[in-house]
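# Report on the structure
Here are the chains, one letter per residue:
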Amino acid sequence: MEISSSAAASGAAPGRTVTPGMVVTALLGPVLTVLGVATSLRAEDIDMDWVHRQQAACRHMPFPKMEYVVAWSGLLLGLSAMAVCVLLARWIRRRCGLRLWDTWPGLLAFVCTMLNVLAILLELFMLWTTYSPDVSGPILGDCG
């Protein structure tokens, strides 16, 4: 059986092409991964802004509730990227009869998902730091 060069170049089975939906879904994984990391790092920015506002006002201020929302949404975005990769793998298996890494969109999603494992660890750490109390307490500085 001979495979045409266009089918071999596209990474799909003979007679089947990579669909635009497959490409969009494969690109959704890296986008969700990057958004999850950026959102989790934003939780740290919110915390530092809160500390600086307290120091500037020379008084204790209530903890920003938005930091909880941002920390949880970062983790949810990371987990969503994993779910997208699993759904893409099932779609490629059902539609083309191939493994995930046999197509270039699937390979892209697989590599980004493996890197997303590290991102999820970062997102879990940022969530933990959001809920853990600051042992030293905020230092308000010289308010005299």
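The structure under discussion appears in the preceding block.
Residues numbered from 1 in each chain as written. Predicted model: local features only at pLDDT ≥ 70, side-chain atom pairs only at ≥ 80, totals over all residues. Heavy atoms only, no water.

The geometry of helix α2 (residues 20–57) relative to helix α4 (residues 104–131) is characterised by a closest axis approach of 9 Å and an angle of 20° between their N-to-C directions. Here α2 is positioned roughly parallel relative to α4, judged by the angle of their axes. Note that α2 runs across α4; the crossing there is left-handed. Note on element contacts: α4 touches α2 through W104, P105, L108, A109, C112, N116, A119, L122, E123, M126 and T130, opposite M22, V23, A26, L27, P30, T33, G36, V37, S40, L41, A43 and E44. In terms of residue class, the contact of α2 with α4 is made up of 16 nonpolar, five polar and two charged. (Axes fitted to C-alpha atoms, helices over the stretch in contact; angles between N-to-C directions. Helix = DSSP H or I, 4+ residues; strand = E, 2+ residues; numbered from the N terminus. Parallel < 35°, antiparallel > 145°, perpendicular 65-115°, else oblique. Left-handed = near helix turned anticlockwise from the far one by under 90°. Contact = heavy atoms within 4.5 Å. Nonpolar A, V, L, I, M, F, W, Y, C, P; charged D, E, K, R; others polar.)

Tracing the chain through its elements places T113 in helix α4. Taking relative accessible area as the criterion, T113 reaches 8% and is therefore assigned buried. With residues up to four places along the chain from it excluded, the contact list for T113 reads A81, M82 and C85. (Buried < 20%, exposed > 50% of the residue type's maximum accessible area, 1.4 Å probe, protein only.)

So, about the packing of aromatic side chains. Within this structure, the stated rule accounts for five aromatic pairs. With a centroid separation of 5.0 Å and an interplanar angle of 80°, the aromatic rings of W50 and F63 are classed as edge-to-face. One end of the pair, W50, is in helix α2; the other, F63, is in the loop between α2 and α3 (66–96), with 13 residues separating them in the sequence. Residue classification places W50 among the buried residues on the basis of a relative accessible area of 13%. What makes F63 partly exposed here is its relative accessible area of 23%. (Phe/Tyr/Trp six-rings, centres within 6.5 Å; stacked < 30°, edge-to-face > 60°.)

A few words now on α4. Taking 1.5 Å per residue, 28 residues should reach 40 Å; α4 reaches 40 Å between its end C-alpha atoms and fits that length. The largest bend in α4 is about 30°, located at V117. For α4, every residue scored as buried is listed here: P105, G106, A109, C112, T113, N116, A119, I120, E123, M126, L127 and T130. Check the buried side of α4 and you find it contacts α2 and α3. At the N-terminal boundary of α4, the capping side chain belongs to T103, with an oxygen 3.2 Å from the backbone nitrogen of G106. (Expected span 1.5 Å × (residues − 1). Bend = angle between axes of the 7 residues up to and from the residue. Polar contact = N/O pair within 3.5 Å; in protein donor to acceptor, adjacent residues only side chain to side chain.)

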